[in-house]
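# Architecture and fold: a report
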Amino acid sequence: MKVLVVGNGGREHALCWKLAQSPRADIVYCAPGNAGTARETGLPIQNVDIAATDTARLVEFAKANEIGLTVVGPEAPLVAGLVDALQDAGLKVFGPSKVAAELEGSKVFCKELLRHGDIPTGDFHTFRTAEEAVLFLNERESQTLVVKADGLAAGKGVVVCDNRDEALDAVQRIAGDKEFGAAGNRILIEERLHGQEVSILAITDGKSIVALPAAQDHKAAYDGDKGPNTGGMGAYSPAPIVDDALLRRVEEEILIPTVHHMKRKRRPFRGVLYAGLMLTKQGPKVLEYNVRFGDPECQPVLMRLKSDLLDVLEATADGRLDEAPPMEWDPRPSVCVVMASEGYPGNYEKGHVISGLEEAAKVPNVKVFHAGTASIDGDVVNVGGRVLGVTALGETIPAAKLAAYTAVKAIRWRGAWCRKDIADKAVWEEKVKVKDERTRFGLKE
């Protein structure tokens with residue numbers, strides 16, 4: 001089978017890497033890919049110079065090359081309707097339709113669906129103008145809130161506010177100054193939920209659901225969860241705080257009702273349903289949904305996958321996920337550390353040569369997934385904010401963390417930086433006993 005992966009980030013590099021390991025994959029094309037997918041050795045991966053948002057050319061390429069399965073990585077082409085265009089051309093594709101992808105494309109739609117489906121989430125209010133939101137805030141006592149842009153903002157359209165002044169500033173940035181463009185045409189002001197945040201990804205064909213091992217992302221830019229929100233500075237899997245009982249609870253109270261409610265709204269969901277959850281004292285609540293593999297959660301999750309990913313994704317696209325064998329996982333945990341360009345998530349310089357990649361690749365049980373990289377005159381250079389996802393397996397989470405940071409230290413480019421505390425939450429959870437932590441968050445069985 002010929003496979004096409006759409007996208008150019010760390011998630012897409014990980015998808016190509018895992019799909020190309022299937023004995024059924026003759027070749028895996030990546031459009032447009034990055035320097036990492038271009039330099040894979042020993043695997044049948046090839047870049048194609050077509051942008052992830054160029055729907056017409058992607059459909060034309062898939063038809064001309066008899067692509068057996070297309071896997072759409074990023075949210076933007078999903079929200080734009082790439083899956084619909086490929087299906088209309090008679091092609092097999094893994095991912096949700098345009099109307100189903102609105103679950104991520106519009107935070108207002110998502111929150112209203114959760115409310116109507118009686119799915120646990122925080123209280124919220126929606127506004128179309130900055131003036132309406134300012135009036136709402138000034139009529140309330142100062143409190144901690146979260147202000148969100150309705151549309152896609154590359155993971156950066158969410159501002160966690162400690163008081164009214166910070167909320168007013170966030171409203172001005174999102175809805176007044178349009179810092180995130182049209183994504184701020186509507187805004188949400190939500191209650192701020194407290195607890196531990198976890199990510200649970202589930203593969204579904206609209207009828208069956210297979211939940212993957214839980215992961216924990218690190219959204220804030222700096223150590224100790226400080227600073228502005230980013231697309232994600234690192235992740236680890238599995239998350240010790242999520243045991244089998246909690247995972248079943250999430251499936252029963254959140255994932256299954258969401259899939260059923262989408263079907264009732266004539267937006268059947270097929271693909272990856274990514275639930276960003278807060279484990280509160282009242283139990284797990286939905287912060288947001290994504291409609292694709294997370295980035296960087298995809299990297300540590302796929303590092304642990306032993307099953308043939310191509311078989312699973314094809315069965316999902318065919319609507320026969322219930323026929324696929326149970327997914328098998330490496331029992332060892334995995335940690336991914338994101339290396340970023342200086343200035344990210346704000347403005348940053350591009351074009352700096354990256355060194356040490358070969359040395360990092362020699363660290364046992366490590367895989368360096370490329371994200372914002374390109375090949376120029378034989379050199380690998382940074383072209384994005386999040387540049388690399390250094391991912392490692394280990395017998396324990398501390399061992400995986402040590403391996404990942406050992407590889408990170410080998411890599412250099414001007415302005416390179418990363419958080420130093422990725423996976424520390426998991427180490428702390430293990431030390432204080434997960435059982436005690438679960439009790440503190442009201443998650444008794």
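Residue numbers here run from 1 along each chain, matching the order of that chain's written sequence. pLDDT decides what is reported in this predicted model: residues at 70 or higher carry local features, side-chain atom pairs at 80 or more are listed and counted, and totals for whole chains, interfaces and linings draw on all residues regardless. Working from all heavy atoms in the structure, the side-chain values ignore hydrogens and water.

### Re the pairing of strand E22 (residues 386–393)
- Note on classification: 1.4 Å probe, protein chains only; a residue is buried when its accessible area is under 20% of the maximum for its type, exposed when over 50%, partly exposed between these limits. Secondary structure elements are taken from DSSP: a helix is a run of H or I of four residues or more, a strand is a run of E of two residues or more, and numbering for both begins at the N terminus. E22 sits mainly inside the fold: eight of its eight residues count as buried.
- Only strands that DSSP links by at least two bridges are regarded as paired with each other. Examined bridge by bridge, strand E19 (residues 366–370) and E22 share five bridges and lie antiparallel to one another. Paired with Val368 across the strands is Val390, a residue of E22.

### Points about the sheet that holds strand E10 (residues 196–204)
- An order of E11-E10-E16-E17 is seen for the four strands of this open sheet, with the pairing classed as antiparallel. Looking at the sheet topology across the chains shown, the edges are occupied by strand E11 (209–211) and strand E17 (283–290). The mean inter-strand angle of the sheet, taken between neighbouring strand axes irrespective of direction, is 35°.
- Pairing between strand E16 (residues 271–280) and E17: seven bridges, direction antiparallel. Bridged to Tyr274 within E17 is Asn290. Lines fitted to C-alpha atoms define the axes, with helix axes restricted to the stretch in contact, and inter-axis angles between N-to-C directions lie between 0 and 180 degrees.

### What about the environment of Pro257?
- Within the element layout of this structure, Pro257 appears in helix H10 (residues 244–264).
- Classification of Pro257 as partly exposed rests on a relative accessible area of 21%.
- A sequence separation of 87 residues divides Pro257 from Tyr344, and the C-alpha atoms of the two residues are 37 Å apart.
- Those residues in contact with Pro257 that sit more than four places away from it in its chain are Ile119, Glu251 and Glu252. Note on definitions: a residue-residue contact is assigned when non-hydrogen atoms from the two residues lie within 4.5 Å.

### Digging into the packing of aromatic side chains
- Only Phe, Tyr and Trp rings are paired, with Trp represented by its six-membered ring, and only when their centres lie within 6.5 Å; those with planes under 30 degrees apart are stacked, over 60 edge-to-face, the remainder tilted. In total, this model carries five aromatic pairs according to the counting rule given.
- The interplanar angle of 85° and the centroid separation of 5.1 Å between the aromatic rings of Tyr29 and Phe61 together place this pair among those described as edge-to-face. In this pair, Tyr29 is assigned in strand E2 (residues 27–32) and Phe61 in helix H3 (residues 55–64), connecting sequence segments 32 residues apart. For the pair shown, Tyr29 and Phe61 are each scored as buried.
- Geometrically, the ring pair formed by Phe94 and Phe293 is stacked, given 6.3 Å between the ring centres and 25° between the ring planes. Of this pair, Phe94 sits in strand E5 (residues 93–94) while Phe293 sits in the loop between E17 and helix H11 (298–304), and the two are 199 residues apart along the sequence. With respect to class, Phe94 is no different from Phe293; both count as buried.

### Considerations on the sheet that holds strand E7 (residues 145–149)
- Pairing is antiparallel across the open sheet formed by four strands, whose spatial order is E6-E9-E7-E8. The open sheet has two edge strands, strand E6 (124–127) and strand E8 (158–161), and neither has a second partner. Taking each pair of neighbouring strands and ignoring which way they run, the sheet shows an average axis angle of 20°.
- In this sheet, strand E9 (residues 187–191) lies alongside E7 in antiparallel orientation, the contact comprising five bridges. Across the sheet, residue Lys148 finds its bridge partner in E9, namely Leu188.

### Here we look at the nonpolar core
- Only buried Ala, Val, Leu, Ile, Met, Phe, Trp, Tyr and Cys residues count toward a nonpolar core, and they belong to the same one when joined by side-chain atoms within 4.5 Å. Counting 82 residues, the largest nonpolar core has Leu103, Val242, Leu255, Tyr289, Leu388 and Ile411 as its most contacted members.
- Residue contributions to this core peak at eight residues, all from helix H14 (residues 397–410).
- Each residue touching Leu103, except ones within four places of it in the same chain, is listed here: Phe109, Cys110, Leu113, Thr258, Met262, Phe269, Leu273, Tyr289 and Val291.
- Listed in part, the 36 residues of the second largest apolar core include Leu15, Cys16, Leu19 and Phe293.

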